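# Examination of the molecular architecture
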Amino acid sequence: MKCPHCLLAIHPAARTTLLETAVIPAIEAGPHQGDDYQILATLNVCPNCRGASVDFERYDFSSFLFDKTTVFPAVGKFNPAPPEVPADIADDFNEANLVLRLSPKASAALSRRCLQGVLSSHGYTSHNLVNQVEDALAEQDASKSLPSAIRENMDAIRNFGNFSAHPITDKTSLQVVAVEEGEAEWCLEILRDLFDHYYVGPSKAAARRVSLASKLAAAGKPSMKLPPKS
């Protein structure tokens with residue numbers, strides 16, 4: 001498993017406790033309605049950072065796992081935004097990630113505002129999100145244009161029914177509207193790609209240039225030509 005605190009892959013020290021035996025409620029669809037199951041709580045301790053996490057699991061009496069939910073700490077489907085991402089944009093992404101399971105509509109609203117923040121900070125400043133997406137896709141400057149894989153995914157945003165049917169502006173980005181199945185998760189995936197392109201990749205490239213410049217100086221070589229600051 002991956003530690004929700006330090007994000008390393010670990011084999012935790014775990015302790016499991018049987019909490020209760022219950023019956024799967026009729027409100028839950030599926031072939032196991034009415035079956036008995038066991039509720040277990042598992043405490044995991046990370047051997048790296050010593051952080052604790054707690055999972056609730058439901059098993060039937062043949063040890064079939066119905067579902068598993070991490071109840072502490074609060075975690076989302078994806079890792080938190082990378083540290084290179086500006087704090088205000090990262091906050092929206094992280095919150096959208098956390099509420100995805102509970103409310104896809106709320107998650108999509110936060111993702112829309114996050115997407116607006118990313119695009120605005122890179123020069124696409126229309127007050128309408130769909131126009132911002134179109135401007136990014138139509139970028140003619142090769143140094144600013146998106147890779148083809150991200151372009152294709154970004155283009156899909158315009159085909160989401162309620163995403164494009166409602167005028168999403170800088171004043172209505174947090175409006176909660178109905179979303180299609182999978183739309184909220186798709187938005188988070190697109191944001192992760194944009195984070196890598198706009199923030200993580202350039203930061204790593206800059207760090208490599210600094211390292212190379214240091215090595216050239218140590219070897220008495222001419223300094224490398226740095227790209228102009230944007």
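Everything numeric in this text was worked out from a predicted model, so none of it was measured. (Residues numbered from 1 in each chain as written. Predicted model: local features only at pLDDT ≥ 70, side-chain atom pairs only at ≥ 80, totals over all residues. Heavy atoms only, no water.)

Scanning the model with the defined rule gives two salt bridges in all. For Glu 185, the salt bridge identified is with Lys 77, shortest N-O distance 3.6 Å. Highlighted residues: Glu 185 in helix H6 (residues 183–218) and Lys 77 in the loop between strand E4 (65–72) and helix H1 (87–99), separated in sequence by 108 residues. Between Arg 113 and Asp 92 there is a salt bridge, with the nearest N and O atoms lying 2.8 Å from each other. Of this pair, Arg 113 sits in helix H2 (residues 104–120) while Asp 92 sits in helix H1, and the two are 21 residues apart along the sequence. A relative accessible area of 8% places Asp 92 in the buried class. (Salt bridge = Lys/Arg side-chain N within 4 Å of Asp/Glu carboxyl O. Helix = DSSP H or I, 4+ residues; strand = E, 2+ residues; numbered from the N terminus. Buried < 20%, exposed > 50% of the residue type's maximum accessible area, 1.4 Å probe, protein only.)

Moving on to unusual backbone geometry. Its identity is not glycine, yet Arg 50 carries a phi of approximately 70 degrees, on the positive side. Within the element layout of this structure, Arg 50 appears in the loop between strand E2 (36–45) and strand E3 (52–59).

Before going further, it helps to examine the nonpolar core. Core analysis: the largest hydrophobic core is formed by 32 residues, its most contacted members being Phe 93, Leu 115, Val 118, Leu 119, Met 154, Leu 194 and Phe 195. Looking at this core, the elements with two or more residues in it are H1, H2, helix H3 (129–137), helix H4 (148–157) and H6. Per-element accounting of this core gives the leading share, eight residues, to H6. (Core = buried A, V, L, I, M, F, W, Y, C linked by side-chain atoms within 4.5 Å.)

Residues of H3 that are buried include every one of Leu 129, Val 130, Gln 132, Val 133, Ala 136 and Leu 137, and no others. Taken down its axis, H3 places every buried residue within 160 degrees of arc, on the same side. Between the side-chain oxygen at the start of H3 and the backbone nitrogen of Val 130 there is a gap of 2.9 Å, and the oxygen is on Asn 128. (Arc of directions from axis to C-beta. Polar contact = N/O pair within 3.5 Å; in protein donor to acceptor, adjacent residues only side chain to side chain.)

So, on to the packing of aromatic side chains. Enumeration according to the criterion identifies two aromatic pairs in this entry. For the ring pair Phe 93 and Phe 195, a centre distance of 5.2 Å and an interplane angle of 70 degrees mean the geometry is edge-to-face. With Phe 93 in helix H1 and Phe 195 in helix H6, the pair connects residues that are 102 residues apart, well separated along the chain. Here Phe 93 and Phe 195 have matching classes, each one buried. Between Phe 195 and Tyr 199, the aromatic rings sit 6.2 Å apart at their centres with planes inclined by 55 degrees, giving tilted as the arrangement. Linking Phe 195 with Tyr 199, this pair stays in helix H6, spanning four residues, or about one helical turn. Both residues of the pair, Phe 195 and Tyr 199, belong to the buried class. A network of ring pairs unites the aromatic residues Phe 93, Phe 195 and Tyr 199 as a single cluster. (Phe/Tyr/Trp six-rings, centres within 6.5 Å; stacked < 30°, edge-to-face > 60°.)

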